[in-house]
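Examining the three-dimensional arrangement
Residue-level listing of the chains:
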Amino acid sequence: MKNILKGEQPVHVLRKSLLNMEKSVLGAKELNDKYFGTDCCKLLYRCDIKGCKNIDSLLLGILYWGFPTNQHGICGNVLKSYRTLKKMTAYLRKNPNLGISQYNILVEEYFNEMHGVGLAFLSKLMFFMNVKIDGYPCVIEDQFVRAGIGKSGYEELKKLGYISYRKYPKYIAAISNIAAQENITPEELEYRLWSLGKAI
């Protein structure tokens with residue numbers, strides 16, 4: 001039985017929405033051939049990606065769950081840096097409990113090489129890989145979560161302002177603290193904010 005988050009709807013990923021990207025990014029078609037097989041569409045829940053052992057299935061699942069229509073060309077940008085991404089993923093598998101200095105190394109030595117890819121993708125990667133920073137579990141930070149924070153009453157989060165790479169550890173610490181006060185998980189709080197922001 002799938003451990004589906006309460007209220008979560010699956011993300012529909014249509015392969016046809018990725019065809020232009022496949023034509024322009026070397027190796028993308030071959031990766032998608034393996035990922036989709038004969039399917040023209042995939043339905044993805046968070047739990048379908050968490051704990052995925054195959055690295056290509058993990059990375060493509062994260063990418064297409066987070067950006068199913070290749071918004072702003074993000075899928076192409078990520079796949080252009082696929083070798084760097086796999087190195088970063090190997091680093092996270094060896095170091096799932098990061099200190100602040102290790103997190104800074106991750107950003108400076110790996111993620112800064114991936115042009116056109118932002119914190120929205122990095123936070124999804126670390127969330128689905130069950131990474132912790134300074135003891136706090138990583139959660140997603142994207143435009144919908146930011147919009148939800150603005151509409152919420154969580155002053156601790158609002159005071160952070162724009163959440164940069166440097167501020168991300170403070171963001172997940174605040175999420176964990178608020179979630180503990182409300183007796184929910186950090187993921188449940190993030191999803192609440194995401195849902196709030198998505199409704200705007």
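Above this note sits the structure.
Quick summary incoming for the structure in this document. Nothing here was measured: the structure is a model prediction, and the numbers come from that model.

1. A word on the overall build of the protein chain
Check the secondary structure of the protein chain and you find twelve helices and five strands. Computed over C-alpha atoms, the radius of gyration of the protein chain comes to 17 Å, within 12% of the 16 Å expected from 2.2 N^0.38 for 200 residues, which places it in the range of a compact globule. For the protein chain, the proportion of contacts with a sequence separation of at least 24, taken over those separated by at least 6, is 66%. In the form shown here, the protein chain has an accessible surface area of approximately 10500 Å², with 52% of it arising from carbon and sulfur atoms.

2. So, the side chain of Arg 15
Along the polypeptide, Arg 15 turns up in the loop between strand S1 (11-14) and helix H1 (19-24). Under the relative-accessibility criterion, Arg 15 is labelled buried at 12%. Within the structure, Arg 15 has its side chain in polar contact with the side chain of Asp 33 (distance 2.7 Å). Setting aside chain neighbours within four positions, we find Arg 15 in contact with Glu 22, Lys 29, Asn 32, Asp 33, Phe 36, Gly 37 and Cys 40.

3. Side note on the sheet that holds strand S3 (residues 97-98)
Spatially, the three strands line up as an open sheet ordered S3-S4-S5, and their pairing is mixed. Looking at which strands have only one partner, the edges of the open sheet turn out to be S3 and strand S5 (136-137). Pairing between S3 and strand S4 (residues 132-133): two bridges, direction parallel. Bridging across to S4, Leu 98 finds its partner in Ile 133.

4. Considering the pattern of salt bridges
As enumerated under the stated definition, the model contains twelve salt bridges in all. The residue Asp 33 makes a salt bridge to Arg 15 at a minimum N-O spacing of 2.7 Å. Taken together, the positions of Asp 33 in helix H2 (residues 28-36) and Arg 15 in the loop between S1 and H1 put the pair 18 residues apart, joining distant regions of the chain. Salt-bridge contacts for Glu 190 lead to Arg 46; the nearest nitrogen and oxygen are separated by 2.8 Å. Separated by 144 residues along the polypeptide, Glu 190 in helix H12 (residues 186-198) and Arg 46 in helix H3 (residues 46-49) bring together distant segments of the chain. Taken individually, Glu 190 and Arg 46 each receive the classification buried, so the pair is uniform in this respect. Each member of the salt-bridge network shares a partner with another, and the members are Arg 15, Glu 22, Lys 29 and Asp 33.

5. Side note on unusual backbone geometry
For Asp 134, which is not glycine, the phi torsion reads 55° and is therefore positive. Following the sequence through the fold, Asp 134 ends up in the loop between S4 and S5.

6. Considering the pairing of S1
Here S1 shows a clear split, with Val 11 and Val 13 buried on one side and none of His 12 and Leu 14 buried on the other. Examined bridge by bridge, S1 and strand S2 (residues 41-44) share four bridges and lie antiparallel to one another. Paired with His 12 across the bridge in S2 is Leu 43.

7. Concerning H12
With 13 residues, H12 ought to run about 18 Å at 1.5 Å a step, and its terminal C-alpha atoms sit 18 Å apart, in line with that. Taken together, the buried positions of H12 are occupied by Pro 186, Glu 187, Leu 189, Glu 190, Tyr 191, Leu 193 and Gly 197. Among the structural elements, H3, helix H8 (119-128), S5, helix H9 (143-151), helix H10 (155-158) and helix H11 (168-181) are those in contact with the buried residues of H12.

Calculation rules
Residues numbered from 1 in each chain as written. Predicted model: local features only at pLDDT ≥ 70, side-chain atom pairs only at ≥ 80, totals over all residues. Heavy atoms only, no water. Helix = DSSP H or I, 4+ residues; strand = E, 2+ residues; numbered from the N terminus. Rg over C-alpha atoms; globule rule 2.2 N^0.38 Å. Contact = heavy atoms within 4.5 Å. Areas by Shrake-Rupley, 256 points an atom, 1.4 Å probe, with all protein chains shown as cover. Buried < 20%, exposed > 50% of the residue type's maximum accessible area, 1.4 Å probe, protein only. Polar contact = N/O pair within 3.5 Å; in protein donor to acceptor, adjacent residues only side chain to side chain. Pairing = 2+ DSSP bridges. Salt bridge = Lys/Arg side-chain N within 4 Å of Asp/Glu carboxyl O. Expected span 1.5 Å × (residues − 1).

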